[in-house]
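These are the residues of each chain, in order.
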Amino acid sequence: MAICIQVNLILQKRRSIIYTLYWDRGGANMATHAVLEELGVAYELIEIDLAKGMQRTPEYMAINPNGKVPTLQHRGEIIYESAAILMYLLDQHPDAGLAPELQSPRRGHYYQYLTWMSNTLQEAANRWAHPEHYVGGDTDLTLVVDKATQELSRCWSIIDDELGNKGPWLLGEKLSGADFHLFMVAYWSRRYGSRAQDWPNLRRHLQAMLQRDSIQQMMSQEGLTFDL
Ligand SMILES: N[C@@H](CCC(=O)N[C@@H](CS)C(=O)NCC(=O)O)C(=O)O
């Protein structure tokens, strides 16, 4: 395939299960990538270099019509949207214990956080990073960025309170896929007007995530660093 600039085949413990993750350095693929590492499954990475416009090639648009990363391929099926991919992946591997049991109330909180982060927190992050996607013409982009900064602060404050009341993880005592999604947006925010790391409980969460082998592997493979 023409879009295969770089293919890393990482064969790990369970060779029979192969996932393909389309990714870009530090993109919305970070959470999925770390979870694949956490699960210890066999997967391959196909880089979609956004700076080169590879997301808009006909080959990639045929895979993901949104022209965005991440996309996961599994048994011939395509799944996009990072939160949906996380839920799907963790349902494939219930023994990993990264998703609460189906009928437990914690499962509701797990859905809640993943969808809220996806459509509220991540959306505010996107408005901060790409204000030009939201307004046209001569509109002053700082108006969009300032509003996004306020919204990010509102979101960080909610999460920081939750972590302070329940912690150490988003769902309480057990790590879940939601923590990987939170880590990803919190990592992006290190350059934003409102940074997750400036809230005490969020900072502790980030530090704990950075200790995990899976996060370290993902960051090293994507060539990322995070000096807290
Ligand atoms: N809601 C989507 C957002 C994906 C997204 O915005 N990806 C960005 C990279 S972080 C992208 O591919 N942008 C390419 C473009 O807009 O051209 C998800 O979480 O999967």
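The numbers attached to residues start from 1 for each chain and follow its sequence in the written order. Totals for whole chains, interfaces and linings use every residue, but because this is a predicted model, local features are given only for residues with pLDDT of at least 70 and side-chain atom pairs only at 80 or more, for both listing and counting. Based on all heavy atoms of the structure, the side-chain values leave hydrogens and waters out of the count.

**Side note on the domain arrangement of the chain**
And then number 1: Note that the domain bounds were set by an automatic or database domain assignment. You can read the domains of the chain as domain 1 (7–96) and domain 2 (105–213).
And then number 2: Domain 1 and domain 2 are separated by 21 Å when their C-alpha centres are compared.
And then number 3: Throughout, a residue-residue contact means that at least one pair of heavy atoms, one from each residue, lies within 4.5 Å. The partner domain 2 presents 16 residues to the 16 residues of domain 1 that form the contact.
And then number 4: Summed over both partners, buried area is the accessible surface (1.4 Å probe) that two parts give up on being assembled. Summing both partners gives a buried area of about 1,200 Å² for domain 1 against domain 2, and 67% of it is carried by carbon and sulfur.
And then number 5: It is M30, E38 and M87 that lose the most area in domain 1 upon contact with domain 2, and together they represent 37% of the buried surface on that side.
And then number 6: Whenever Lys or Arg places a side-chain nitrogen within 4 Å of a carboxyl oxygen from Asp or Glu, that contact is recorded as a salt bridge. Summed over the shared surface of domain 1 and domain 2, the number is two salt bridges.
And then number 7: Elements with a contribution of two residues or more to the side of domain 1 that touches domain 2: α1 (30–39) and α3 (82–92). Each helix corresponds to a stretch of at least 4 residues labelled H or I by DSSP, and each strand to a stretch of at least 2 residues labelled E; elements are numbered beginning at the N terminus.

**Details of the pattern of salt bridges**
And then number 1: All chains considered together, the criterion is met by six salt bridges.
And then number 2: Between R107 and D91 there is a salt bridge whose closest N-O contact spans 2.9 Å. With R107 in helix α4 (residues 105–129) and D91 in helix α3, this residue pair connects regions lying 16 residues apart in the sequence.
And then number 3: On the basis of relative accessible area, R107 is assigned to the buried category, the value being 5%. Remark: exposure states derive from per-residue accessible area (1.4 Å probe, protein chains only) relative to the maximum for the residue type, with buried under 20%, exposed over 50%, and partly exposed in between.

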